[in-house]
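# Observations on chain architecture
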Amino acid sequence: MTKGLFKWMMAIAIIASPMVFTACGDDDESGSSQTVNAAKADVTLALPLGEELAKYCEGTITYTDAKGDSVIEELSSGNVINNVWTKTIKDYMLPAPIMVALEFKAKDVDAIGKTIKHPNVINVSFQYKDANGKNIGDLNQQALFLAEKGNSTTLNMRTGTQLFCAFTIPQRGFIAGESAHESTVPIRTVSFEYQKLNDLGFWAGEENENGYESWGSMVYPCEYQESYVKLNTTFGGYYWSGYAISNRTEKGFTPGDFTPTGMPDQFNNVTGKAHSGKNFCVVMPYGETIHLGAKSSKAKGAQLKGFWYTNSSYTAHAIENGDGMSTVPGGFTKDDWFKCIVTGMKADSTTVSVEIMLAQNGDYVKDWQFVDLSSMGQIKSLSFSFDGTKKNEHGVTTPAYMCIDDIEE
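Below is a summary of the structure that appears in this document. (Residues numbered from 1 in each chain as written. Predicted model: local features only at pLDDT ≥ 70, side-chain atom pairs only at ≥ 80, totals over all residues. Heavy atoms only, no water.)

## Remarks on the pattern of salt bridges
Inspection of the entire model under this criterion finds 8 salt bridges. We note a salt bridge from D363 to K366, for which the minimum N-O separation is 2.3 Å. Judged by relative accessible area, K366 falls into the partly exposed class, the value being 43%. A salt bridge links K391 to D387, with the shortest nitrogen-to-oxygen separation between them at 3.3 Å. Judged by relative accessible area, D387 falls into the partly exposed class, the value being 23%. Three or more residues joined by partner-sharing salt bridges are found here, namely R248, E250 and D265. (Salt bridge = Lys/Arg side-chain N within 4 Å of Asp/Glu carboxyl O. Buried < 20%, exposed > 50% of the residue type's maximum accessible area, 1.4 Å probe, protein only.)

What follows is the structure, given as structure tokens:
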């Protein structure tokens, strides 16, 4: 395998938990996720290669099987029918991630030096069959053929590797408790796994060309986009607001200078882990919203099933020890409460809200819990606000933080 191919394969690696799996691509309609039980099935791939590519090239398929082993198989003429290459992976343990890459090289000496055409963007189809041969689902995903020097649609054949295509198979599984013979409807889940984090294990924005001066310092509007969801974040050298992404595993909280890097524990949650995968989102908005359907052709936004949430370690520290700003000092009593109000905005600008109680009755949320947003219907954005009993003349003093993960459509 060439170094370039290895890099591309590593770039599309899926980060998945044992129970929830997510696949994302340039086509935001292809992402899917489902809480599943493992089940064996045959997975058949079909890639249209184009006439010249099928005629002049041979190659290999490399994929990672359910055990995590890398498997390399030669492509022969028997694999290509009507210029479409097909491959069936038998008895695959769904929904283990599969990572596939194709290498092509000159088929024989007569092909060397020829300039041939090949598809650029192709539609890859996935067919799933259970152990009895029953079709349990079909999905499609776009893939991009990548040449050694970009993604041009012509190729000057040499003896070495010239072209490859790398993609991941969308995760299609079964609802826990169902048999492998029952098909399910895939859902899209945003899991925050695709943002590069800093050495402290978080991202809260960064400097960019769109910076502007505010209150004597520079601030920078930033965004994170995954599938149909776009998060807006404002970053400054002395503060941040909006939606940060973290993989920090510390549960505790130590105060700092309140800058992003000076107080990294503000990016901890009380469980010390994400709900799935490694990353989670820290919510601390000052007017920033979560936009839905940002890459979708559906102008009406999205209809969410809900998301998972838990308390920030910063909030939990204030609940237990006091926040130092409330008119009533000390931590929460049984009569104190703290909540987040999640508001969805519809296409006609009307809103609907759901409340999340983060602390009440002398206790607070200490694990990942699910909030059902299905009652909101089709919405274009989400916003977050906070309220509670600990206040001063400026408003709520409990740190207005919450951690979320796995936004499910």
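## Focus: the pairing of strand β24 (residues 338–345)
Within β24, 7 of the 8 residues are buried, which leaves the element mostly enclosed by the surrounding structure. Two elements, β24 and strand β29 (residues 381–388), share 8 bridges in a ladder whose sense is antiparallel. When the sheet's bridge partners are listed, I341 is paired in β29 with S385. (Helix = DSSP H or I, 4+ residues; strand = E, 2+ residues; numbered from the N terminus. Pairing = 2+ DSSP bridges.)

## Concerning helix α3 (residues 313–321)
Those residues of α3 that fall on the buried side of the exposure criterion are S313, Y314, T315, A316, A318 and I319. The secondary structure elements touched by the buried residues of α3 are β24, β25 (351–360) and β26 (363–364). Where α3 begins, the capping side chain belongs to S312, and its oxygen is found 3.0 Å from the backbone nitrogen of Y314. The first or second residue beyond α3 is G322, which carries a positive phi of 95°. (Contact = heavy atoms within 4.5 Å. Polar contact = N/O pair within 3.5 Å; in protein donor to acceptor, adjacent residues only side chain to side chain.)

## Some words on the environment of D367
Along the chain, the position of D367 falls in the loop between β26 and β27 (369–372). Residues D367 and K273, 94 residues apart in the sequence, show an inter-C-alpha distance of 9.9 Å. Those residues in contact with D367, other than ones at most four positions away along the chain, are T271, Y309 and T310. Side chain to side chain, D367 and Q369 meet in a polar contact 3.0 Å long.

## So, the nonpolar core
Core analysis: the biggest nonpolar cluster contains 44 residues, and I290, F307, L382, F384, M402 and I404 have the highest contact counts within it. Looking at which element gives the most residues to this core, the answer is β25, with 4 residues. Residues contacting M402, with those up to four places away along its chain left out, are C281, V282, V283, F307, Y309, T310, C340, I356, L358, F384 and F386. By size, the runner-up hydrophobic cluster in this structure holds 15 residues, among which are F202, A204, A244 and A274. (Core = buried A, V, L, I, M, F, W, Y, C linked by side-chain atoms within 4.5 Å.)

## Some points on the environment of T398
Tracing the backbone through its elements, the reader meets T398 in the loop between β31 (395–396) and β32 (402–408). With a relative accessible area of 3%, T398 lands in the buried category. Remark: the alpha-carbon pair of T398 and I319, spanning 79 residues in sequence, is separated by 7.4 Å. With residues up to four places along the chain from it excluded, the contact list for T398 reads T315, D323, F332, F338 and K390.

## Describing the packing of aromatic side chains
A complete count under the given rule lists 12 aromatic pairs for this structure. Chaining the aromatic ring pairs together yields one cluster made of F202, W240, F253, F258, F267, Y314 and Y401. A cation sits over an aromatic face here: K366 above Y364, 4.1 Å from the ring centre. (Phe/Tyr/Trp six-rings, centres within 6.5 Å; stacked < 30°, edge-to-face > 60°. Lys NZ or Arg CZ within 6 Å of the ring centre and 35° of its normal.)

Functional significance is not addressed by these values, which are geometric in nature.
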